[in-house]
There are 2 protein chains.
Amino acid sequence: MTTSSIPGYTLGTAEVAASPISDAEFALLKQTVLLGEDDLRWLRIAGEVLDDQIEAVLDVWYGFVGANAHLVHYFSGADGKPDPAYLGRVRQRFGQWIRDTCAARYDRAWLDYQHEIGLRHTSAKKNRTDGVVSAVPHIHLRYMIAFIVPITATIKPFLVRKGHAAADVEAMHAAWFKAVTLQVTLWSEPYVAPSAF
Amino acid sequence: MTTSSIPGYTLGTAEVAASPISDAEFALLKQTVLLGEDDLRWLRIAGEVLDDQIEAVLDVWYGFVGANAHLVHYFSGADGKPDPAYLGRVRQRFGQWIRDTCAARYDRAWLDYQHEIGLRHTSAKKNRTDGVVSAVPHIHLRYMIAFIVPITATIKPFLVRKGHAAADVEAMHAAWFKAVTLQVTLWSEPYVAPSAF
Ligand code: HEM
Ligand code: HEM
């Protein structure tokens, strides 16, 4: 699938809001999550490992969300029931996000799209991209932070699957953990007063 | 050291603010970070492994904070320079926190103290416990979330050190990761509007 055929995926376009993070602030964040050049190399390798497993990863994540009423709730339509069309649209962008996370160069277009993804989890932009009429205006911050665990833990079996040495799998997994935590950190920005972020 | 001899450590006392989290909400949070009974067992084992290594763990964490001007900044006094007395007081409570994290039964007293620790990172309570006059009124939320990585990654070498099988170290480490993310999630509550948490 080409990225331009994914509905609502707008990385690198003028529709995306500008990130309020400066380059200096972002550098300090990367430093705080211990993310260095080596991690980028391991993310690239993880990208190759995951490339033909994206649908299987999404099956696990969607299985987890679907099995938890308090989570699938956020994908509900006007009637308060999970909206399969909404779930399906977000799933395509989620698949692309796995590729983007592994390929990230952390440039301005990427930073701006992180801001956009953050906004899409808040009442500023949730439901807009897919034209959904939903009973739920935003994802609560508690689950954004808590999700670092399932999104990190459940990727491990997929990183193992191509026969890499245990130490290499560890390195891929550590880089993935840092990359996910970095992104959730950026996504938390629209949740708080600017002075508190 | 007995806990009652740690200045400002008030778990289980009437001085601690009450957590706004209900039992039902907390159960859903544990479910979201995939934290189960097995993890509690591994946390207990981690507690035994870490027991005589607490100072060494704190040396690593304080070394990291001290080496990063943007982090040690939060421990500064009125003159904007790191305050050794403040660092020292927090260090004692941080050591106790490692033990508490491994021994946690997740009861009301524990939940209330999580709320208290969250508040102590915000302008509601930072600096009060140690009577510090500081130029810095609160820890920014970005670093609270980002810190999940160093606090999780740097514990691993200490978990290895007592000769446990690799799979057991993994299980201890996974439980620690869940426990830390759960706590940062709880601590984020005073940072946001109640409706957004
Ligand atoms: C580590 C935490 C999370 C990650 C990595 C993540 C990832 C993503 C991605 C990549 C998208 C699509 C972004 C785009 O439009 O290009 C998305 C959207 C969405 N996510 Fe998350 N997410 C996280 C937390 C959560 C949680 C906890 C929920 C609640 C169950 C959730 C529910 C949603 C919903 C409903 C959308 C669609 C928002 C809209 O209307 O545009 N997400 N997420
Ligand atoms: C995973 C994230 C973090 C953990 C586990 C953690 C842990 C702790 C603990 C256990 C305490 C003592 C609580 C008590 O009073 O009993 C504390 C206090 C403190 N922490 Fe953190 N912390 C985290 C993030 C941060 C960050 C990012 C900073 C900034 C460098 C920071 C700076 C401080 C300061 C200045 C205090 C003293 C607050 C006061 O005045 O009472 N913490 N932290």
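Refer to the structure above for everything that follows.
Note on numbering: residues in each chain are counted from 1, in written sequence order. The naming scheme follows written order: chains are lettered A onward, ligands numbered 1 onward. Local features are withheld for residues below a pLDDT of 70 in this predicted model, meaning they are given only at 70 or higher, and side-chain atom pairs are given and counted only at 80 or more; totals for whole chains, interfaces and linings count all residues. Side-chain figures throughout are based on the complete set of non-hydrogen atoms in the structure, without hydrogens or water.

Comments concerning the pattern of salt bridges
And then number 1: A pairing counts as a salt bridge when a side-chain nitrogen of Lys or Arg comes within 4 Å of a carboxyl oxygen of Asp or Glu. Counted according to the given criterion, the structure contains 30 salt bridges over all chains.
And then number 2: We note a salt bridge from A:Asp38 to A:Arg41, for which the minimum N-O separation is 3.8 Å. Taken together, the residues A:Asp38 and A:Arg41, both in helix H2 (residues 37-50) and three residues apart, mark about one turn of the helix.
And then number 3: Per-residue accessibility, obtained with a 1.4 Å probe over protein chains only, is compared with the maximum for each type, and a residue is labelled buried under 20%, exposed over 50%, and partly exposed between these values. In this structure A:Arg41 comes out as partly exposed when scored by relative accessible area, which is 44%.
And then number 4: Across the pair B:Arg108 and B:Asp23 runs a salt bridge whose closest N-O atoms are separated by 2.7 Å. Highlighted residues: B:Arg108 in helix H6 (residues 108-121) and B:Asp23 in helix H1 (residues 23-32), separated in sequence by 85 residues.
And then number 5: Using a relative accessible area of 33% as the deciding quantity, one classes B:Arg108 as partly exposed.
And then number 6: When its relative accessible area of 57% is taken as the criterion, B:Asp23 is described as exposed.
And then number 7: Three or more residues joined by partner-sharing salt bridges are found here, namely A:Lys156, A:Glu170, B:Lys156 and B:Glu170. Only DSSP runs of H or I reaching four residues or more are called helices, and only runs of E reaching two or more are called strands; each is numbered from the N terminus.

Section: the relation of the copies chain B and chain A
And then number 1: The least-squares superposition of copies is restricted to C-alpha atoms, and to residues with a pLDDT of at least 70 in both copies. Once chain B is rotated about the relating axis by 180° and shifted along it by 0.0 Å, it coincides with chain A to within an RMSD of 0.0 Å. Considering both components of the superposition, the chain copies are consistent with a two-fold axis. It is B:Val192 whose C-alpha, among those of chain B, lies nearest the rotation axis, at 2.8 Å.
And then number 2: In this analysis, two residues are considered to be in contact whenever any of their non-hydrogen atoms come within 4.5 Å of each other. In this assembly the copies share their binding face: 100% of the residues contributing to the interface of chain B also contribute to that of chain A.

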